[in-house]
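What the coordinates show
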Amino acid sequence: MTYNDLLTEISDIRKISVAMKNSPVINTKLEMFGLYTEDIVRLIKKYKEIDLSSFELDKYYEINYIYIAIGLIQNKNIEKQYEFLLKNFSHIDSWAITDSTFKYLEFKKFEEQLVYVKQLIESKEEFLMRYGYLILFKYIKEENLKIIFNLLKNDEKYYVFMVEAWLIQAIFIHFPEETYDFLVKSNLSKKLNLRLYQKFVIVIEFQKNTKIE
């Protein structure tokens, strides 16, 4: 199957209404064909052996999304996947690509994964940093908390700031006391702490309303 086959199939299933609905949420500067997520996932699986060098990038959001996902699939270990992301991060212009494709990464033991997580976070590139924090969701365990907390930093990049708040919220659900102790001692910005307060209120209200008697 070729890139032209992929484009033909996309042309047959695209919906302008989907593009109009999703574009403001996905917040991409690229044009959108208008594909449902399940169709994109199906195409990734179907074309996973495609020659990536044939792709025309940075015109359509869905093409970049499929390219990144298949690139991670074809590079089967975390080291090669990390190299692929470093080489191609300029083709990621939306949080939706990072959040939808990080599941294709190889996940190793925490100590081994940590090497790449740190490199992603220290890259200073917004979406590479987001990948780093997304990976940490897989390792929320009591014995990992100190290391994870130490990786959280003040950063004004919007999609980094948001994923950090989301990660802390996820930790809070399982380890509220440890999370509280960390926040009291941390030097995280007032902006991030305010966002966390909003998220914690939602979590606490949810837990109260779903308490089993």
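Here we summarise the structure given alongside this text. (Residues numbered from 1 in each chain as written. Predicted model: local features only at pLDDT ≥ 70, side-chain atom pairs only at ≥ 80, totals over all residues. Heavy atoms only, no water.)

1. Looking at the overall build of the protein chain
Note the following rule: Secondary structure elements follow DSSP: runs of H or I of four or more residues count as helices, runs of E of two or more count as strands, with numbering from the N terminus. Three exposure classes are used, based on accessible area relative to the maximum for each residue type with a 1.4 Å probe and protein chains only: buried under 20%, partly exposed in between, and exposed over 50%. Whether two residues are in contact is decided by their heavy atoms: any pair within 4.5 Å suffices. Throughout, the Shrake-Rupley method with a 1.4 Å probe supplies accessible areas, and for residues the shown protein chains are the sole cover considered.
Summing up its helical and strand segments, the protein chain has 12 helices and 0 strands in all. Across the 213 residues of the protein chain, 47% fall into the buried class. Summarising the internal contacts of the protein chain: among those between residues at least 6 apart in sequence, 70% fall at separations of at least 24. Working note: accessible area of the protein chain is about 12100 Å², and carbon and sulfur atoms make up 53% of it.

2. A closer look at unusual backbone geometry
The phi angle at Asn 27 is positive, at roughly 60°, despite the residue not being glycine. By the element assignment, Asn 27 lies in the loop between helix H2 (16-26) and helix H3 (37-46). In this model, Lys 124 sits at a positive phi of 70°, which is unusual for a non-glycine residue.

3. So, the packing of aromatic side chains
The condition is simple: Each Phe, Tyr or Trp ring (for Trp, its six-membered ring) is paired with any other whose centre lies within 6.5 Å, and the angle between the two planes then decides the class: stacked below 30 degrees, edge-to-face above 60, tilted in between.
A complete count under the given rule lists 13 aromatic pairs for this structure. Ring plane angle 50° and centroid distance 5.7 Å describe the contact between Phe 55 and Tyr 67, whose orientation is recorded as tilted. Pair noted here: Phe 55 is in the loop between H3 and helix H4 (61-74) and Tyr 67 is in helix H4, with a separation of 12 residues, a long-range link. Judged on exposure class, the residue Phe 55 and its partner Tyr 67 are both buried. For the pair Phe 107 and Tyr 139, a centre-to-centre distance of 6.5 Å together with 50° between the ring planes defines the contact as tilted. With a gap of 32 residues between them, Phe 107 in the loop between helix H6 (95-101) and helix H7 (110-121) and Tyr 139 in the loop between helix H8 (126-136) and helix H9 (145-151) connect regions that are remote in the sequence.

4. As for H7
Applicable threshold: A helix is expected to span 1.5 Å multiplied by its residue count minus one.
End to end, H7 covers 15 Å across 12 residues, agreeing with the expected 16 Å (1.5 Å per residue, within 8%). Looking only at H7, the buried set comprises Phe 110, Gln 113, Leu 114, Tyr 116, Val 117, Leu 120 and Ile 121. Among the structural elements, helix H5 (78-88), H8 and H9 are those in contact with the buried residues of H7.

5. Observations regarding the side chain of Glu 62
Spelled out, the test is: The convention is simple: Lys and Arg are positive, Asp and Glu are negative, and His and the chain ends are not counted. Any Lys or Arg side-chain nitrogen found within 4 Å of a carboxyl oxygen on Asp or Glu counts as a salt bridge.
With respect to the secondary-structure elements, Glu 62 resides in helix H4. Of the side chains with opposite charge, Arg 14 lies nearest to the buried Glu 62, which makes no salt bridge, at 7.4 Å. Among all residues touching Glu 62, those that are not within four sequence positions of it are Glu 31, Met 32, Phe 33, Gly 34, Leu 35 and Ile 40.

6. Here's the deal with the environment of Met 20
Note that Met 20 resides in helix H2. C-alpha separation for the pair Met 20 and Gly 34, spaced 14 residues apart in sequence, amounts to 7.6 Å.

So yeah, pure geometry; function would need other evidence.
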